[in-house]
Amino acid sequence: TEEVKEYFSQFGSVRRCQLPFDKDTGFHRRYCWIKFSTPQDVQNVFQKDSHILEGAKLALKQQPRRRRSQRRNQSE
């Protein structure tokens with residue numbers, strides 16, 4: 001995870017980097033969650049055409065931002 005965090009910190013401030021671990025196989029799963037401090041940091045990542053880390057091309061997906069205030073408003 002340190003390599004992943006270090007790579008993505010060139011685009012902005014990484015708040016959290018989580019690499020899920022598979023208990024059955026003993027290996028990390030083939031994806032990682034990265035949380036940036038600002039939406040602009042996320043946009044910086046997507047400005048670059050391709051990302052390669054340790055010889056592997058990364059496929060990036062952006063998760064929609066979830067806001068607690070929206071959820072509260074919807075239930076009212």
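As a reminder, the structure under discussion sits directly above these lines.
Residues numbered from 1 in each chain as written. Predicted model: local features only at pLDDT ≥ 70, side-chain atom pairs only at ≥ 80, totals over all residues. Heavy atoms only, no water.

A. Local environment of the environment of Phe46. As for its position among the elements, Phe46 is in helix α2 (residues 39-47). By relative accessible area, which is 36% here, Phe46 ends up partly exposed. In this structure the C-alpha to C-alpha distance between Phe46 and Phe11, which are 35 residues apart in sequence, comes to 9.4 Å. In contact with Phe46, other than residues within four places in its own chain, are Leu60, Lys61 and Gln62. (Helix = DSSP H or I, 4+ residues; strand = E, 2+ residues; numbered from the N terminus. Buried < 20%, exposed > 50% of the residue type's maximum accessible area, 1.4 Å probe, protein only. Contact = heavy atoms within 4.5 Å.)

B. Layout of the packing of aromatic side chains. Under the defined criterion, the tally for this structure stands at four aromatic pairs. Summarising the aromatic geometry, the rings of Tyr7 and Phe8 are spaced 4.9 Å apart at their centres and angled 90 degrees between planes, so their arrangement reads as edge-to-face. Just as Tyr7 is buried, Phe8 falls in that class too. Ring plane angle 65 degrees and centroid distance 5.9 Å describe the contact between Tyr7 and Phe11, whose orientation is recorded as edge-to-face. According to the relative accessible area criterion, Tyr7 is buried, its value standing at 12%. We classify Phe11 as buried; its relative accessible area is 11%. Members of the aromatic cluster, each reached through a chain of ring pairs, are Tyr7, Phe8 and Phe11. (Phe/Tyr/Trp six-rings, centres within 6.5 Å; stacked < 30°, edge-to-face > 60°.)

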